[in-house]
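Examining the three-dimensional arrangement
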Amino acid sequence: MMGLLKRKEPIIAYGDEVEAPALTGAVRTRRRAPTGDLTRSIRKDQSKGSLDRIRRSLALSPATFEAISVELLSHGGPLLGTDVIEAAMRALYDYEPLGAMMSRPIILVGGEKCARMRTALALSQKIQRTGRCVALYSLLEGAYDEPQATYRGGLDILHLGSTDSCIDAVRVKDPADLAIVDASCLTLGQEGAKSLAMLSMSIGAEVVFVHDEVTPLPAAEFLSGIERVIMTGRPGPQRFGALLDAARTHHWAFAGQCTPHGIFYPITPAMIADRFALAVHHNEAHSG
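Residues numbered from 1 in each chain as written. Predicted model: local features only at pLDDT ≥ 70, side-chain atom pairs only at ≥ 80, totals over all residues. Heavy atoms only, no water.

Another point: the overall build of the protein. A count of helical and extended segments in the protein gives nine helices and ten strands. Counting the 288 residues in the protein, one finds 44% classified as buried. In the protein, once contacts between residues fewer than 6 apart in sequence are set aside, the share between residues at least 24 apart is 67%. Summed over all atoms, the accessible surface of the protein reaches about 16300 Å², with 54% contributed by carbon and sulfur. (Helix = DSSP H or I, 4+ residues; strand = E, 2+ residues; numbered from the N terminus. Buried < 20%, exposed > 50% of the residue type's maximum accessible area, 1.4 Å probe, protein only. Contact = heavy atoms within 4.5 Å. Areas by Shrake-Rupley, 256 points an atom, 1.4 Å probe, with all protein chains shown as cover.)

Okay, the confidence of the model for the protein next. Across the protein, pLDDT averages 85, with 82% of residues at or above 70. Considering each helix and strand of the protein separately, the mean pLDDT is smallest for helix α1 (residues 36-46), with a value of 58, and largest for strand β1 (residues 94-95), with 97. The low-confidence segment residues 31-35 (pLDDT under 50) makes one contact with residues lying over four places distant or belonging to another chain. (pLDDT = per-residue confidence, 0-100.)

Take the packing of helix α3 (residues 62-73) against helix α4 (residues 82-92) next. At a closest axis distance of 9 Å, the pairing of α3 and α4 adopts a crossing angle of 130°. One element, α3, and the other, α4, form an angle in the oblique class. Once α3 is placed against α4, the crossing between them reads as right-handed. Along the contact surface, α3 presents A67, I68, E71 and L72, while α4 presents V84, I85, A88, M89, A91 and L92. Considered class by class, the residues forming the contact of α3 with α4 number nine nonpolar, no polar and one charged. (Axes fitted to C-alpha atoms, helices over the stretch in contact; angles between N-to-C directions. Parallel < 35°, antiparallel > 145°, perpendicular 65-115°, else oblique. Left-handed = near helix turned anticlockwise from the far one by under 90°. Nonpolar A, V, L, I, M, F, W, Y, C, P; charged D, E, K, R; others polar.)

The next point concerns the packing of aromatic side chains. For the coordinates displayed, the defined rule picks out three aromatic pairs. Ring centres 5.6 Å apart and planes at 70° place the aromatic pair Y93 and F254 in the edge-to-face group. Residue Y93 is located in the loop between α4 and β1, and its partner F254 is located in strand β9 (residues 253-258); the two are separated by 161 residues in the primary sequence. The exposure class assigned to F254 is buried, which follows from its relative accessible area of 0%. Here the aromatic rings of Y95 and F254 are separated by 5.7 Å at their centres, their planes lie at 25°, and the arrangement is stacked. Taken together, the residues Y95 in strand β1 and F254 in strand β9 connect sequence positions 159 residues apart. Of the two residues examined, Y95 and F254, each falls in the buried class. (Phe/Tyr/Trp six-rings, centres within 6.5 Å; stacked < 30°, edge-to-face > 60°.)

Once their charged atoms are close, side chains differing in charge can pair, the charge on each being opposite to the other. Enumeration over the complete set of coordinates arrives at eight salt bridges. Here E96 makes a salt bridge to R228, at a shortest N to O gap of 3.8 Å. Of this pair, E96 sits in the loop between β1 and β2 (106-109) while R228 sits in strand β8 (residues 226-232), and the two are 132 residues apart along the sequence. Taking relative accessible area as the criterion, R228 reaches 9% and is therefore assigned buried. Residues joined by salt bridges that share partners form a network here, namely E96, E206 and R228. (Salt bridge = Lys/Arg side-chain N within 4 Å of Asp/Glu carboxyl O.)

It is worth spelling out the packing of α3 against helix α8 (residues 237-249) at this point. Interaxial distance between α3 and α8 falls to 10 Å at its minimum, and their mutual angle equals 90°. In terms of their interaxial angle, α3 and α8 are classed as roughly perpendicular. Residues A63, T64, A67 and I68 of α3 form the contact with α8, whose own contacting residues are L244, D245 and R248. Here the residues of the contact of α3 with α8 sort into four nonpolar, one polar and two charged.

Here the focus is the side chain of T259. Examined against the element boundaries, T259 turns out to sit in the loop between β9 and β10 (264-265). When sequence neighbours within four positions are dropped, the list of residues in contact with T259 reads R118 and Y265.

Relative to the elements of secondary structure, A242 occurs in helix α8. Each C-alpha atom of the pair A242 and L217 lies 8.3 Å from the other, and the pair is 25 residues apart in sequence.

In structure tokens:
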């Protein structure tokens with residue numbers, strides 16, 4: 001038996017090449033996980049039926065439909081699931097409620113006269129319950145030679161027949177009061193658009209569009225200066241689709257919702273998501 005002192009361990013000198021053992025059998029390569037684009041592409045194929053339902057129900061513009069589709073496909077779960085729709089509506093739209101601490105006057109335009117006045121009353125009542133006073137005006141071009149005061153829904157309303165008289169009235173109100181103007185400007189075409197611009201700049205107001213159940217949207221050139229939108233009533237699927245188009249195209253923030261019974265709520269992504277799902281299911285039920 002060789003002594004321990006004479007035993008030599010094998011030594012490999014630097015630079016020596018060691019032949020690797022030959023590999024036998026199949027060689028497996030690492031699988032790559034699907035990329036985000038590939039995942040969305042797969043989900044798009046799997047969700048074609050749901051996407052077609054959205055397209056048929058809401059009659060969205062191609063740009064809005066594509067933007068909503070991308071957001072819906074970017075989240076896990078059923079395409080028309082509550083959480084998926086809410087995440088898409090949260091990502092695509094802004095939500096800026098109107099509250100009692102507003103420092104600028106508010107001008108409500110768009111929609112029918114009754115929808116604007118119902119919204120103005122509901123918003124005024126909600127703000128007054130917080131302790132702040134509201135000065136409420138109704139501007140109907142050419143309807144009055146002199147200002148006329150009425151009382152409705154627990155509120156004093158000053159009715160005015162010209163933009164100049166409305167500007168004068170708002171300027172002399174109590175500085176602590178929040179001015180809310182129901183204005184007919186957008187029903188007058190190009191002249192109305194000029195009146196609205198003069199009114200909003202003269203009193204430093206924020207213009208809010210009232211989207212009702214029936215009134216078509218004015219041409220895009222008449223919508224300049226509008227920053228937020230209030231949804232009123234229960235618009236059908238295609239009217240709701242038109243609202244989603246307009247809000248995305250003109251960068252409107254959702255400010256609130258007024259019910260047919262005259263109750264005003266701040267609006268949230270969950271409420272828009274519910275309306276989205278209802279529009280799709282309602283249309284499918286009636287078309288089926």
